[in-house]
Amino acid sequence: MADIGFWDLAFGFTILAIPLFVFIYYKVKLVNDLLVSVIRMIAQLFLVAVYLEWIFEMNNALINSLWLVIMVIVGAGTTVYRVKLNWKVFLIPFIIAGLISITIIDLFFIGLVIRLDYFFDARYLIPISGMILGNSMNHNIVGLTAYFDGLSKSKELYYFILTNSGSRKQAVRPYIQEAIRKGLNPMLANMSVVGLISLPGMMTGQILGGATPVTAIKYQIMIMVAILAGCTLILILSILYSNFLVFDSYGNIKNIRSINKNNN
Amino acid sequence: MISAKNISVSYNNTNVIQNLSFDIGLGDHACFFGPSGRGKSSLLKMLQGYLVPSTGYVKIKDMELNPVNIKNVRSLMAYIPQNINLPTDNGSELLKMMDASKRVEKVEYFINRLGMSLEMIESRFDEISGGQKQRIVIALCLSLDKEIVLFDEPTSSLDSNSIKKLLDVIKEDMKDKTVISASHNSEWINSASKKIYI
């Protein structure tokens, strides 16, 4: 496979002038975020190259599981930060939602579909879990933002349904529906055009790495199904766990933003 | 049926109700009235458990208003809010959200009594008038057949003809219910069997 030289890699970054120009021109306050994200990406990926080699060499169940837990914690932390929630209140619930989800999805796909002899094989467990968690985090952020924004901005509907139906489960249902729609619709749209207007990264990587297109496609199909299931599970578990925290004993919606200020 | 003793209620850090007591019996049509900002709507919120009195207590059918009883208390109530601009497409969707799709016959009865046809519940809320929307929301809530019906400014979008029809519904169809409202409208206040000045 053709390598990319470091100078060529550096030259590649000049294309970021396009998003930078758009952000500055339209005065969207994302320039700092972009710079931080790019620097983090470079540092993280080069670190990945170093530690993945070590992790792959060790191929130890405990180390690989620990790495999975770290990925879940970082994903949960990023979600809390992006949805603008309180760390102390929401970090643990989101970590638990992530751990439960990734355990179920990995057990199913790695244990039952691929049927690896060694379940904790780093070459499978880490990249597959990483893809599931990375994609889930993005969709989870969209879904949870919709959920908490809905509860903060459209309280009247919640109280209307709560009194008239007598059920909190019924009262939060429209907000959960909206969160699922907003969180998962882009993924369904992406699935429906995959191969036509987008060639997914995993498949492309496998083909570049020498796998046959048929094998690459089978893995791609599997991973997309796993991502959809993982996203749905993480989103719904995050919401259901959050529900224990955002309502008081009368079912009133707590002031989510002021909880933020008070605890941060 | 409903008994409040020496209650004080705060809303947005302002003490809106101080040391108020009242009793409302089964079949009463009680109306809270008085100038704006005196806490009429807050009282309706308090009866649903959305505001907790800082002093005194409230009992509804011998159940004290507290976290243990709140689910049972709310199961007795239907609530028609002042703000009917709920983020839903139409009455039919709202009925589903209330888990009351099976009550269409009741909805039809009340919507007819309020001078409209059942088809109106399929009309988009952003394409009908405020008065039509308010009557649809009222019909949906009355169809729930709850023992206690709370109206917050029920006449805010209604013309005099629609107010008269709604008062007829309360008089004829809700004799065995307890109706509690908050209103500015003199015709509505005068029709109440119990007037509570706030």
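Quick caveat: nothing in here was measured; it's all calculated off a predicted structure.

Participant: Even after reading the chapter, I still don't get the overall build of chain B, so can you show me in this structure?
Facilitator: Along the backbone of chain B there are seven helices and nine strands. Against the 2.2 N^0.38 benchmark of 16 Å for 198 residues, chain B shows a C-alpha radius of gyration of 16 Å, consistent with a compact globule. The dimensions of chain B, computed from C-alpha atoms along their principal axes, are 45 × 35 × 35 Å. Counting every position in chain B, which comprises 198 residues, the buried fraction comes to 54%. Here the contacts in chain B between residues at least 6 apart in sequence split such that 68% fall between residues at least 24 apart. Surface exposure of chain B reaches about 8800 Å², of which carbon and sulfur atoms provide 44%. For chain B, the distance from the average site of its 24 positive side-chain charges to the average site of its 23 negative ones is 5 Å.

Participant: What am I meant to see in the pattern of salt bridges here?
Facilitator: Enumeration according to the criterion identifies 12 salt bridges over all chains in this entry. Arg 181 of chain A is the partner of Glu 178 of chain A in a salt bridge, and the nearest nitrogen-oxygen pair spans 3.2 Å. Taken as a pair, Glu 178 of chain A and Arg 181 of chain A lie in helix α8 (residues 168-193) at a separation of three residues, close to a single helical turn. Here Lys 177 of chain B ties to Asp 145 of chain B by a salt bridge, and the two come within 2.7 Å at their closest N and O atoms.

Participant: Mind showing me how you'd approach a negative patch on the surface here?
Facilitator: Residue and element names in this part refer to chain B. Side chains of Glu 105, Glu 108, Glu 119 and Glu 122 sit close together on the surface and give a patch of like negative charge. With respect to the helices and strands, the residue Glu 119 is situated in the loop between α4 (104-113) and α5 (130-142). A residue is classified by how much of its surface remains accessible, and Glu 119, at 56% relative accessible area, is exposed.

Participant: Which parts of the structure should I look at to understand the environment of Gly 56 of chain B?
Facilitator: Residue and element names in this part refer to chain B. Its place among the elements puts Gly 56 in strand β4 (residues 55-60). Using a relative accessible area of 46% as the deciding quantity, one classes Gly 56 as partly exposed. Note: C-alpha distance between Gly 56 and Leu 20 (36 residues apart in sequence) is 8.7 Å. Apart from the residues within four sequence positions on either side, Gly 56 is in contact with Lys 5, Asn 6 and Ile 7.

Participant: What is the right way to look at helix α3 (residues 31-58) of chain A in this model?
Facilitator: Side chains of residues three or four places apart in an α-helix project in the same direction, reflecting 3.6 residues per turn. All names here are of chain A. Taking 1.5 Å of rise per residue, the 28 residues of α3 would be expected to cover 40 Å, and the 40 Å separating its terminal C-alpha atoms lies within 8% of that figure. At Tyr 51, α3 shows its maximal kink, close to 25°. Among all positions of α3, only Leu 34, Val 38, Leu 52 and Ile 55 are buried. On the buried face of α3, the contacting elements are α2 (17-25), α4 (61-82) and α6 (122-153). Remark: Asn 59 follows α3 within two positions and exhibits a positive phi of approximately 45°.

Participant: Help me out: how do you make sense of the packing of aromatic side chains in this one?
Facilitator: For any pair of aromatic rings, the description rests on two quantities: the centre-to-centre distance and the angle between the ring planes. All names here are of chain A. The final tally for this structure, using the stated rule, is 19 aromatic pairs over all chains. Aromatic side chains Tyr 147 and Phe 148 sit 5.4 Å apart centroid to centroid with 75° between the ring planes, which places their arrangement in the edge-to-face category. Phe 148 shares its class with Tyr 147; the two are buried. On the basis of an interplanar angle of 85° and a centroid distance of 6.4 Å, the ring pair of Tyr 241 and Phe 244 is categorised as edge-to-face. With Tyr 241 and Phe 244 both in helix α10 (residues 213-246), this residue pair falls three residues apart, about one helical turn. Exposure remark for Tyr 241: the relative accessible area of 30% places this residue in the partly exposed category. By relative accessible area, Phe 244 is classed as exposed at 65%.

Participant: Looking at this structure, I do not really get the packing of α3 of chain A against α4 of chain A. What am I missing?
Facilitator: Geometrically, a packed helix pair is captured by the angle between its two axes and the distance between the axes. Residue and element names in this part refer to chain A. Axis separation between α3 and α4 bottoms out at 12 Å; the angle between their running directions is 170°. By the angle between their directions, the pair α3 and α4 is classed as roughly antiparallel. Packed against α3, whose contacting residues are Asp 33, Ser 37, Tyr 51, Trp 54, Ile 55 and Met 58, the element α4 presents Ile 63, Asn 64, Trp 67 and Arg 82 at the interface.

Participant: How should I be thinking about the interface of chain B and chain A in this particular structure?
Facilitator: Many analyses report the size of an interface as the accessible area lost when the parts associate. The interface is formed by 27 residues belonging to chain B together with 17 residues belonging to chain A. Summed over both sides, the interface between chain B and chain A buries roughly 1900 Å², with carbon and sulfur atoms accounting for 63% of that surface. Summed over the three residues of chain B that lose the most area to chain A, namely Tyr 50, Arg 74 and Met 97 of chain B, the buried surface amounts to 31% of that side. In this structure, the connection of chain B to chain A is made through nine residue pairs in polar contact (both at pLDDT 80 or more). Of all the elements in the fold, those that place two or more residues in the side of chain B that touches chain A are α2 (70-74), β6 (77-80), α3 (91-97) and α5 of chain B. Broken down by class, the residue content of the side of chain B that touches chain A amounts to 17 nonpolar, five polar and five charged.

Participant: Explanation requested: the sheet that holds β6 of chain B in the structure shown.
Facilitator: Sheet strands pair via backbone hydrogen bonds, and the direction of the pair is either parallel or antiparallel. Residue and element names in this part refer to chain B. A sheet is described by the order of its strands in space; here five strands give the open sequence β6-β7-β8-β3-β9, paired in parallel fashion. Edge positions in the sheet fall to β6 and β9 (194-197), since each has one partner strand and no second. This sheet shows a mean twist of 15° between the axes of neighbouring strands, independent of strand direction. Pairing analysis gives five bridges linking strand β7 (residues 148-152) to strand β8 (residues 178-183), with the strands arranged parallel. The residue bridging Val 149 from the neighbouring strand is Val 179, located in β8. Helix α1 (residues 40-47) rests against β3 (29-33), β6, β7 and β8 of the sheet, and its axis sits at about 145° to β8.

Participant: Before we go on, may I ask you to explain unusual backbone geometry in this structure?
Facilitator: One can expect most non-glycine residues to show negative phi and most peptide bonds to be in trans. Residues and elements named next belong to chain B. Phi at Asn 6 is positive, roughly 50°, even though this residue is not glycine. Summarising the element assignment, Asn 6 is placed in strand β1 (residues 2-11). For Asp 145, which is not a glycine, the phi torsion comes out positive at approximately 60°. Judged by its relative accessible area of 37%, Asp 145 falls in the partly exposed class.

Cut-offs and rules
- Residues numbered from 1 in each chain as written.
- Chains lettered and ligands numbered in written order.
- Predicted model: local features only at pLDDT ≥ 70, side-chain atom pairs only at ≥ 80, totals over all residues.
- Heavy atoms only, no water.
- Helix = DSSP H or I, 4+ residues; strand = E, 2+ residues; numbered from the N terminus.
- Rg over C-alpha atoms; globule rule 2.2 N^0.38 Å.
- Buried < 20%, exposed > 50% of the residue type's maximum accessible area, 1.4 Å probe, protein only.
- Contact = heavy atoms within 4.5 Å.
- Areas by Shrake-Rupley, 256 points an atom, 1.4 Å probe, with all protein chains shown as cover.
- Lys, Arg positive; Asp, Glu negative; His and termini not counted.
- Charge placed at Lys NZ, Arg CZ, Asp CG, Glu CD.
- Salt bridge = Lys/Arg side-chain N within 4 Å of Asp/Glu carboxyl O.
- Patch = residues over 30% accessible without salt bridge, like charges linked within 9 Å, V, L, I, M, F, W, Y side chains within 5 Å.
- Expected span 1.5 Å × (residues − 1).
- Bend = angle between axes of the 7 residues up to and from the residue.
- Phe/Tyr/Trp six-rings, centres within 6.5 Å; stacked < 30°, edge-to-face > 60°.
- Axes fitted to C-alpha atoms, helices over the stretch in contact; angles between N-to-C directions.
- Parallel < 35°, antiparallel > 145°, perpendicular 65-115°, else oblique.
- Buried area = accessible area lost by both parts, 1.4 Å probe.
- Polar contact = N/O pair within 3.5 Å; in protein donor to acceptor, adjacent residues only side chain to side chain.
- Nonpolar A, V, L, I, M, F, W, Y, C, P; charged D, E, K, R; others polar.
- Pairing = 2+ DSSP bridges.

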